[in-house]
Amino acid sequence: MRLPESQVAVLEAASATEERTIEQLSDDTGLKPETVTGAAFDLEDEGLVSVSAAETVSYAVTDEGETYADAGLPEVRLYRAAVDAGADDAPVSMGEVIGAADLGGPAVDIALANYARKGYGEVKSGQITADPDADPDADPEAAALAALVDGEDGADEDALDELVRRGLVERSEGAVRSVTLTDAGVTALMEGVEVAATVDRLTPEMLASGEWQDVEFAAYNVEADAPETRGGKVHILRQTAERVKDTLVGMGFREMDGPHADSEFWINDCLFMPQDHPARTHWDQFALDVPPMRDIPEDLLDRVRSAHLDGVGEDGDGYHSPWTEAVAREVDLRGHTTSLSMRYLSGHEIGELEPPERFFSVEKVYRNDTLDPTHLLEFFQIEGWVMAEDLSVRDLMGTFEEFYEQFGITDLQFKPHYNPYTEPSFELFGTHPETGELIEIGNSGMFREEVLRPLGVECNVMAWGLALERLLMLMYGFDDIRDVHGTLCDLDLLRETEVLH
Ligand SMILES: N[C@@H](Cc1ccccc1)C(=O)O
């Protein structure tokens, strides 16, 4: 019998009495696993071997899991510290025990989330108790984690499920194929198999020489396992940012560009935010320890100072609170991209503008927020403004409706809001497609006289800042912003997400 080289190798390495896995055969023959698989299927078609498949489940400890394998599960550490502090006798203050357990940051929440569930004790109004009968040495999750780290099998299934749920262990499922010689295979080997020269590619030379008529072509096996390859692709957040840009350009807007680190002047003072007002720190901006910004137009600086101190117009009245140039020149990471709007509206970037004008940016902003499912320290803001005569709130709402409709969002809600720089102001809400919750997606309004006059703008300007990540949540139903942003993002989720066009 004549067979292609790889099939001969697999046939010779296979056994009639013992199942041999693709991996073992690959080791023995020196062929790639996918080549062995292809050959095995061809041999099976010929009736020379049988191929069986077994489902496998394997577990891998994540980085977080490794940390706890070394240091102990947070709830176990909390229990030990609680017992040391006497909480098995009488309730002890939580703060004291947490300090002693040396649990920092997220580990505290993790400890608390698992403590009562596992019967270690109770936490109530800042006091912790420890159940004297609990045995941290018998913690099934700790045992399963340790077994995995040591490469041992047979860990408790329920404990493994729980570790997977906690993100300490990853489960992957696969199939292991094994090959066994059939009687026909044994007979063929006894009678002798030879390597048949096969050709897997037709070449111009073969066509020219006519050799193609004599060679044997290798058959394609379209069912053979192939190595999994994943190409790189543009992140969904970037893709959506590009789409937002295209949409706004399509609506007649031009793009703004400018510094991420900017002076208080452009970020706040131009926006008529009093320097000593809590509104000024309401985003908890990141201040930078760098020299003050020099490049601020003097005449504009004077007009903004006068708007703050004396007000604008005949009945205008200032803030009656201190305003200093030194503060205006301090540099922060911008907490919003309205700094760019100020730069452009003032004529500082591309010269004076005549109405009607429309500008936008889709750029990063930075806020010292507390991380949670809807807040990050940095996110992308869709900033925009329209400068024209006689604008009204209806123009603003109409623009949002037109914009969001292109992303399939048609149930916008507007709520009156307060900004020191716009009057009236509106917050924008949309409904999360999965949870049905109303989530805030943006903030907007008509710039006040006190903002526009010093900038030298005489007509109306409507403006907004929308969160790109929130738009993504509404479009795709993500419920945790961290899944799609930054280093914590969930790659599998991103891979599976079908991009909407
Ligand atoms: N700067 C506002 C958004 C906004 C821009 C322009 C006008 C009104 C509101 C924010 O970050 O929330």
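Residues numbered from 1 in each chain as written. Predicted model: local features only at pLDDT ≥ 70, side-chain atom pairs only at ≥ 80, totals over all residues.

Visitor: Any chance you could break down the overall build of the protein chain for me, citing the residues and the numbers?
Guide: Looking only at helices and strands, the protein chain features 20 helices and 19 strands. Sequence-distant contacts in the protein chain: of pairs separated by 6 or more residues, those separated by 24 or more amount to 69%. (Helix = DSSP H or I, 4+ residues; strand = E, 2+ residues; numbered from the N terminus. Contact = placed C-beta atoms within 7 Å.)

Visitor: Describe the UniProt feature "binding site: L-phenylalanine" (unreviewed entry) in the protein chain, and please don't skip the residues or the numbers.
Guide: In the UniProt entry, the feature "binding site: L-phenylalanine" (unreviewed entry) is given for Thr338, Gln381, Ile382, Glu383, Tyr421 and Phe447. As for its placement among the helices and strands, glutamate 383 is situated in strand 15 (residues 378-388). With 23 C-beta atoms packed within 10 Å, glutamate 383 lands in the buried category. Excluding residues that lie within four positions of it along the chain, glutamate 383 makes contacts with Thr337, Thr338, Leu340, Ser341, Phe360, Ser361 and Gly465. Of note, phenylalanine 447 is situated in strand 18 (residues 438-447). Apart from the residues lying within four places of it in its own chain, the contact partners of phenylalanine 447 are Tyr421, Thr422, Leu452, Val461 and Ala463. (UniProt positions renumbered as here; feature names shortened; annotations may be inferred. Buried ≥ 20, exposed ≤ 12 C-beta atoms within 10 Å, placed from the backbone.)

Visitor: I'd like a description of the site of the ligand, backed by residues and values.
Guide: Taken together, His336, Thr338, Asn419, Thr422, Asn443, Ser444, Gly445, Ala463, Trp464 and Gly465 are the residues near the ligand. When contributions to the shell around the ligand are tallied by element, the ones reaching two or more residues are strand 18 and strand 19 (460-467). Its residues placed into classes, the shell around the ligand shows 2 nonpolar, 8 polar and no charged. (Near = placed C-beta within 6 Å. Nonpolar A, V, L, I, M, F, W, Y, C, P; charged D, E, K, R; others polar.)

Visitor: Please give an account of the nonpolar core that cites residues and values.
Guide: Cys270, Val451, Val461, Leu468, Leu471 and Leu472 are the most contacted members of the largest nonpolar core, which totals 64 residues. Sorting elements by how many residues they give to this core places helix 19 (residues 468-476) first, with 7 residues. Non-local contacts of valine 461, meaning those with residues more than four positions away in its chain, are made with Leu345, Trp385, Val386, Met387, Phe447 and Leu452. Membership of the second largest hydrophobic core comes to 28 residues, among which are Ala81, Val97, Ile110 and Val169. (Core = buried A, V, L, I, M, F, W, Y, C linked by C-beta atoms within 7 Å.)

Visitor: Go over the sheet that holds strand 14 (residues 357-366) with me, naming the residues and quoting the values.
Guide: Judged by pairing direction, the sheet is mixed, and its 7 strands sit side by side in the order 11-14-15-19-18-17-16 without closing on themselves. Each of the sheet's edge strands pairs with one partner strand only, and the pair in question is strand 11 (254-255) and strand 16 (413-419). Contacts from helix 12 (residues 236-250) reach strand 11, strand 14 and strand 15, with the element oriented near 165° to strand 14. (Pairing = 2+ DSSP bridges. Axes fitted to C-alpha atoms, helices over the stretch in contact; angles between N-to-C directions.)

Visitor: Before we move on, could you go through unusual backbone geometry and cite the residues and values that matter?
Guide: Residue proline 356 is reached from proline 355 by a cis peptide bond, and omega for that bond is 0°. Mapped onto the fold, proline 356 is located in the loop between helix 16 (338-345) and strand 14. Geometrically, the link from glutamate 423 to proline 424 is a cis peptide bond, its omega value of -5° lying close to zero. Here proline 424 lies in strand 17 (residues 422-431). Of note, the phi angle at aspartate 102 is positive, near 55°, even though the residue is not glycine.

Visitor: Let's hear about the pairing of strand 19: which residues, and what values?
Guide: Among the 8 residues in strand 19, 7 count as buried, and that is most of the element. As judged from the 5 bridges shared by strand 18 and strand 19, these two strands associate in the antiparallel manner. Within strand 19, the position partnered with glycine 445 by the bridge is alanine 463.

Visitor: Talk me through the packing of helix 5 (residues 74-84) against helix 7 (residues 106-115); I want residue IDs and the actual numbers.
Guide: The axes of two packed helices give the description: the angle between them and the distance between them. Between helix 5 and helix 7, the least distance of the axes is 7 Å, while the angle of their chain directions is 80°. Considering the angle they form, helix 5 stands roughly perpendicular to helix 7. In this structure, helix 5 uses Pro74, Glu75, Arg77 and Leu78 to contact helix 7, whose residues at the interface are Ala107, Ile110, Ala111, Asn114 and Tyr115. Class assignment of the residues belonging to the contact of helix 5 with helix 7 gives a composition of 6 nonpolar, 1 polar and 2 charged. (Parallel < 35°, antiparallel > 145°, perpendicular 65-115°, else oblique.)

Visitor: I'd like a rundown of the sheet that holds strand 5 (residues 121-124), residues and numbers included.
Guide: If you walk across this open sheet you meet the 3 strands as 4-6-5, and the pairing is antiparallel. The open sheet has two edge strands, strand 4 (92-93) and strand 5, and neither has a second partner. In the sheet, strand 5 pairs with strand 6 (residues 127-130) via 4 bridges, with the strands oriented antiparallel. Each bridged residue has a counterpart across the sheet, and for glutamate 122 the counterpart in strand 6 is threonine 129. Across the sheet, helix 5 is in contact with strand 4, strand 5 and strand 6; its angle to strand 6 comes to roughly 90°.

Visitor: For the environment of cysteine 270, give the residues involved together with the corresponding values.
Guide: Residue position: cysteine 270 is located in the loop between helix 13 (264-267) and helix 14 (298-310). Judged by the 30 C-beta atoms lying within 10 Å of it, cysteine 270 is buried. Measuring from C-alpha to C-alpha, the distance between cysteine 270 and leucine 301 comes to 8.7 Å, with 31 residues separating the pair along the chain. Those residues within four positions of cysteine 270 in sequence are excluded, and the remaining contacts are Phe265, Val304, Met342, Val451 and Leu455.

Visitor: An account of the environment of phenylalanine 447 is needed here, citing residue identities and associated values.
Guide: The exposure class assigned to phenylalanine 447 is buried, which follows from the 26 C-beta atoms found within 10 Å. It is 9.6 Å that separates the C-alpha atoms of phenylalanine 447 and tryptophan 385, two residues lying 62 residues apart in sequence.

Visitor: Describe in detail the confidence of the model for the protein chain, supporting the description with residues and values.
Guide: Residue-level pLDDT values for the protein chain average 91, and 99% of them are 70 or greater. Note on the complex model: pTM 0.61, ipTM 0.98. (pLDDT = per-residue confidence, 0-100.)

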